[in-house]
Amino acid sequence: LDETDETKLIEFIKSLYFLAERERQDPEERKQMRYRAHELARRCLELYPDSYRAHKWYAMSVGRIVDYMGMNEKVKSGFDFKVNAQSFLSHFTVFS
């Protein structure tokens, strides 16, 4: 996997994300794919912090792994999500 190419990295994350959502997917495989997509999305966000696509897929991957977390992990994940959202929104100016 070429992490220096943002587009390819995002496409790989998307592929994992959608493969995990197949209807007849084995539950354990689904969990592994969701976590792998999340790990890659986190790495993509580290490499490309100004990329709206990196933020988008990070947020989407967080939404898919919370089902497997305990309460403490969910709280920490929620905080991380909030920090990510604030960082993302700080890159844009709202015009009124």
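Residues numbered from 1 in each chain as written. Predicted model: local features only at pLDDT ≥ 70, side-chain atom pairs only at ≥ 80, totals over all residues. Heavy atoms only, no water.

Visitor: Help me understand the nonpolar core in this model?
Guide: Burial of nonpolar side chains together is a common tendency in soluble globular proteins. Among the nonpolar cores identified, the biggest contains 17 residues, and Leu 9, Ile 13, Leu 16, Leu 40, Cys 44, Trp 57 and Tyr 58 are the most heavily contacted of them. Among the secondary structure elements, those contributing two or more residues to this core are helix H1 (6-20), helix H2 (27-47) and helix H3 (52-65). Discounting residues that sit within four places of it in the chain, Ile 13 has contacts with Ala 37, Leu 40, Ala 41, Cys 44 and Trp 57. (Core = buried A, V, L, I, M, F, W, Y, C linked by side-chain atoms within 4.5 Å. Buried < 20%, exposed > 50% of the residue type's maximum accessible area, 1.4 Å probe, protein only. Helix = DSSP H or I, 4+ residues; strand = E, 2+ residues; numbered from the N terminus. Contact = heavy atoms within 4.5 Å.)

Visitor: How do you make sense of the environment of Met 33 when you look at a structure like this?
Guide: Mapping Met 33 onto the fold places it in helix H2. A relative accessible area of 17% places Met 33 in the buried class. Expressed as a C-alpha distance, the spacing of Met 33 and Ala 20, which sit 13 residues apart in the sequence, is 5.7 Å. Apart from residues no more than four positions distant in its own chain, Met 33 is found in contact with Leu 16, Leu 19, Ala 20 and Gln 25.

Visitor: Whenever I open this one, the pattern of salt bridges confuses me. Can you help?
Guide: Side chains bearing opposite charge may pair, as long as their charged atoms lie close to each other. Applying the stated criterion to the full structure yields 8 salt bridges. Measuring nitrogen to oxygen at the nearest pair gives 3.6 Å for the salt bridge that ties Arg 36 to Glu 39. Here Arg 36 and its partner Glu 39 are both found in helix H2, 3 residues apart, which amounts to about one turn of the helix. Residue Arg 36 is classed as partly exposed on the basis of its relative accessible area, which comes to 38%. For the salt bridge of Lys 76 with Asp 80, the shortest nitrogen-to-oxygen distance reads 2.9 Å. With Lys 76 and Asp 80 both in helix H4 (residues 71-90) and 4 residues apart, this pair spans about one turn of that helix. According to the relative accessible area criterion, Lys 76 is exposed, its value standing at 52%. Relative accessible area serves as the criterion here: at 28%, Asp 80 is assigned to the partly exposed category. Within this structure, Glu 21, Arg 34 and Arg 64 form a network of salt bridges that share partners. (Salt bridge = Lys/Arg side-chain N within 4 Å of Asp/Glu carboxyl O.)

Visitor: Can you walk me through the packing of aromatic side chains in this structure?
Guide: Any two aromatic rings considered together are summarised by their centre-to-centre distance and by the angle between their planes. Following the criterion strictly, the structure yields 4 aromatic pairs and no others. Where Phe 18 meets Trp 57, the ring centres are 5.9 Å apart and the plane angle is 80°; that geometry is what we call edge-to-face. One end of the pair, Phe 18, is in helix H1; the other, Trp 57, is in helix H3, with 39 residues separating them in the sequence. Here Tyr 35 and Tyr 68 contribute two aromatic rings whose centre-to-centre distance is 6.0 Å and whose plane-to-plane angle is 40°, an arrangement assigned as tilted. Note that Tyr 35 is positioned in helix H2 and Tyr 68 in the loop between H3 and H4, a separation of 33 residues in sequence. Residue classification places Tyr 68 among the partly exposed residues on the basis of a relative accessible area of 28%. (Phe/Tyr/Trp six-rings, centres within 6.5 Å; stacked < 30°, edge-to-face > 60°.)

Honestly, it's all geometry; don't read function into it.
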